[in-house]
Amino acid sequence: MVNVPAELVIVANRLPVDRVTGPDGEPEWRASPGGLVTAIEPVLRANNGVWIGWPGGTDSGLEPFEHDGLTLDPIALSAEEIEGFYEGFSNATLWPLYHDVVAKPEFHREWWDSYVDVNRRFAEHAAARAAKGAMVWVHDYQLQLVPQMLRELRPDVHIGFFLHIPFPPAELFQQLPWRRQILEGLLGADLVGFQLPGGAQNFVRLVRQRVGHKTHRDLVYLPDGRTVRASAFPISIDVKGFEKLARQESVTARAKEIREALGGPRRIFLGIDRLDYTKGIHARLRAFSELIAEGELDVEDAVFVQVATPSRERVEQYRVLRDDIDRLVGRINGDHGRIGTPAISYLHASYPREEMAALYRAADIMVVSPYRDGMNLVAKEYVACQYDDGGALILSEFAGAAYELRQAWLINPYDLNGMKAALREAYHADAKDLSRRMRAMRKTIKSADITAWARSFLQAMDEVRPAHGKTLLPADRD
Ligand code: GDG
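Residues numbered from 1 in each chain as written. Predicted model: local features only at pLDDT ≥ 70, side-chain atom pairs only at ≥ 80, totals over all residues. Heavy atoms only, no water.

Engineer: It is not clear to me how the pattern of salt bridges should be interpreted in this structure. Could you clarify?
Structural biologist: Side chains that differ in sign of charge can pair as their charged atoms come close. For the structure on display, the rule yields 36 salt bridges. For the salt bridge of Asp156 with Arg154, the shortest nitrogen-to-oxygen distance reads 2.8 Å. Looking at Asp156, the relative accessible area reads 21%, which means it is partly exposed. Asp433 is paired through a salt bridge with Arg436; the nearest N and O atoms lie 2.9 Å apart. Placement of the pair is Asp433 and Arg436 together in helix H15 (residues 431-447), with a separation of 3 residues, close to one helical turn. When salt bridges with common partners are traced through the structure, they connect Glu243, Arg247, Asp389 and Arg442 into a single cluster. (Salt bridge = Lys/Arg side-chain N within 4 Å of Asp/Glu carboxyl O. Buried < 20%, exposed > 50% of the residue type's maximum accessible area, 1.4 Å probe, protein only. Helix = DSSP H or I, 4+ residues; strand = E, 2+ residues; numbered from the N terminus.)

Engineer: Mind showing me how you'd approach the site of the ligand here?
Structural biologist: The ligand sits among 24 residues. The nearest are His164, Tyr351, Asp373, Leu377 and Glu381. Interatomic distance of 2.8 Å between a side-chain N/O atom of Thr309 and a nitrogen atom of the ligand. Between Asn376 and the ligand, the recorded distance is 2.9 Å, taken from a backbone N or O atom to an oxygen atom. Here the ligand, which alone exposes 740 Å², has 92% of that area covered by the protein. Counting residues per element, the ones that place at least two in the shell around the ligand are helix H1 (35-47), helix H12 (353-362) and helix H13 (377-385). Among the residues making up the shell around the ligand, the classes are represented as 10 nonpolar, 9 polar and 5 charged. (Near = heavy atom within 4 Å. Polar contact = N/O pair within 3.5 Å; in protein donor to acceptor, adjacent residues only side chain to side chain. Areas by Shrake-Rupley, 256 points an atom, 1.4 Å probe, with all protein chains shown as cover. Nonpolar A, V, L, I, M, F, W, Y, C, P; charged D, E, K, R; others polar.)

Engineer: Can you walk me through the sheet that holds strand E7 (residues 130-139) in this structure?
Structural biologist: Sheet strands pair by backbone hydrogen bonding; their relative direction is either parallel or antiparallel. On the basis of which strands lie adjacent, the open sheet formed by 10 strands has the order E5-E6-E4-E1-E7-E8-E9-E12-E11-E10 and mixed pairing. Each edge of the open sheet is held by one strand with a lone partner, namely strand E5 (65-67) and strand E10 (214-216). Here the average twist between neighbouring strands, direction ignored, is 25 degrees. The strands touched by helix H16 (residues 450-464) are E7, strand E8 (158-162), strand E9 (191-194) and strand E12 (227-232); relative to E7, the strand with the most contacts, the crossing angle is about 130 degrees. (Pairing = 2+ DSSP bridges. Axes fitted to C-alpha atoms, helices over the stretch in contact; angles between N-to-C directions. Contact = heavy atoms within 4.5 Å.)

Engineer: How should I be thinking about the sheet that holds strand E17 (residues 392-396) in this particular structure?
Structural biologist: The strand order across the open sheet formed by 6 strands is E15-E14-E13-E16-E17-E18, and the pairing between neighbours is parallel. For this open sheet the edge positions go to strand E15 (344-347) and strand E18 (409-411), each flanked by a neighbour on one side alone. Sheet twist, expressed as the average angle between the axes of neighbouring strands with direction ignored, equals 20 degrees. Pairing of E17 with E18, which is carried by 3 bridges, proceeds in the parallel orientation. Along E18, the bridge assignment pairs Leu395 with Leu410. Of the strands in this sheet, strand E13 (267-274), strand E14 (302-309) and strand E16 (365-368) touch H12, which is tilted by about 145 degrees from E13.

Engineer: What exactly am I supposed to notice about the side chain of Asp449 here?
Structural biologist: Along the chain, Asp449 falls in the loop between H15 and H16. Buried within the structure, Asp449 lacks any salt-bridge partner; its nearest side chain of opposite charge belongs to Lys240, at an N-O separation of 5.6 Å. Of the polar contacts made by the side chain of Asp449, one reaches the backbone nitrogen of Thr451; its length is 3.2 Å. (Lys, Arg positive; Asp, Glu negative; His and termini not counted.)

Engineer: Honestly, the packing of helix H3 (residues 109-129) against helix H4 (residues 146-153) in this entry has me stumped. Any pointers?
Structural biologist: Relative orientation and spacing of two packed helices are given, respectively, by the angle between their axes and the distance between those axes. Where H3 contacts H4, the two axes come as close as 9 Å, and the packing angle between them is 45 degrees. Our classification of the angle between H3 and H4 gives oblique. Relative to H4, the crossing made by H3 is right-handed. Along its contact with H3, which presents Val116, Asn119, Arg120, Phe122, Ala123, Glu124, Ala126 and Ala127, the element H4 presents Val146, Met149, Leu150 and Leu153. Here the residues of the contact of H3 with H4 are counted per class, giving 9 nonpolar, 1 polar and 2 charged. (Parallel < 35°, antiparallel > 145°, perpendicular 65-115°, else oblique. Left-handed = near helix turned anticlockwise from the far one by under 90°.)

Engineer: Teacher, can you tell me more about the packing of aromatic side chains here?
Structural biologist: Given two aromatic rings, their pairing is described by the distance between the two centres and the angle made by the two planes. Going through the model one piece at a time under the given rule, you end up with 28 aromatic pairs. Arranged with centres 4.4 Å apart and planes meeting at 10 degrees, the rings of Trp137 and Phe457 form a pair that is stacked. Of this pair, Trp137 sits in strand E7 while Phe457 sits in helix H16, placing them 320 residues apart in sequence. Side by side, Trp137 and Phe457 carry an identical accessibility label, which is buried. Chaining the aromatic ring pairs together yields one cluster made of Phe85, Phe89, Trp112, Tyr115 and Trp178. For Arg14, the ring lying beneath its charged end belongs to Trp54, and the centroid distance is 5.2 Å. Over the ring of Trp95 we find Arg312; its NZ or CZ atom is 4.1 Å from the centre of that ring. (Phe/Tyr/Trp six-rings, centres within 6.5 Å; stacked < 30°, edge-to-face > 60°. Lys NZ or Arg CZ within 6 Å of the ring centre and 35° of its normal.)

If you want it as structure tokens, here you go:
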């Protein structure tokens, strides 16, 4: 299966595995966590597709291989490309630019050159792997030039693109010296998907203004007669899978153990994020610590567990953030902690899924406070795990998830007093209020899970450019 042309090709920056050194000193593959993996894996399995991506590291000459039933096709990056394409243009130019310039984006011409080169390599690889008339689904901000490059090589294939992060308003996107190239790159796709309608509208407006194509609602009309559709497909999670995990006896037992290890507080607050400056970790810890300082909360009754998964550790802004959070946690615990009862239990580590589920089960109040976030799967995962309708969700209105999870305590993470009020309210909320909110949110996510997301994207692909009898299977799971 490893080298046959594939009917479905997933192209994403990262493969869903990391190359690690095993116990015997030999390199081996290990599944890696992340929003994209969680979302795509079921669709790929259902269609026997191939996933093209970078495995991390600088190993070259890696061959396609099978891992846990998935066909994976690694693309090598050199040390210079990791610096220019990945850490540079993707994560120090596009990432901050697309997230409301929460941090200042850097523009360097050599980073751009590297982005173009690596995008071309991905496109060439996809062109070589796709069967005639196949569906190629390209993912995310690192690969926005791939659709156009691939179309030039393989006009027969159907190309979908999905952006997992927000697409910025014209006023910000305009700053990018290569704005036109990015728009033209995306227009190589038949369907360009965004998390929210606002992202799709920003894109269509920019195409009209900057490239000069005719548009009508969610359609762009190209001079060569092609039509490109730009619409919203809010991503979701494997709701049933998470609930099943949460119901496992071992997870229930571990959740109890976590609570005991924390000294049996009345309420556990929880944050789980990649350590990223867009996630608003700083703001939520400050809000919590002020409530303690003001005597509204007591460390005997309330603890904040913050898991920050290591991320992009070689990018300067992420190093600075790590030091900032370390300092803040140290100061808060130094000021307010007591022996055996710190105010904040801070974990800079990555955990297995079972431990994540146990944390979600143990938490009474989940705090998700990004300054800007495409969707935020953590918020949905927390809701999926609350099968007894308990628990409270505090959610930033700047996360895509806020458009669906309306019954959460919605907050503006820039408004510290507003955030404190929400934390206080959730802390004191009665069981009836909590279960009314949680029930409604659970209903929402159950009706729009990952299967529905994939199905709607693939269906839209079919509509925008019919596949002549070939239909991909959605990921059906029970
Ligand atoms: C991008 C967009 C969009 C985290 N730590 C561990 C772990 N995780 C898993 C979570 C969740 C995923 O990683 C994180 O997804 P998010 O959506 O919260 O955030 P990003 O990584 O920024 O994802 C985002 C997403 O793409 C999908 O489109 O929602 O807006 O920024 O699934 O559970 N999983 C495990 N151990 C960890 O320590 N096992």
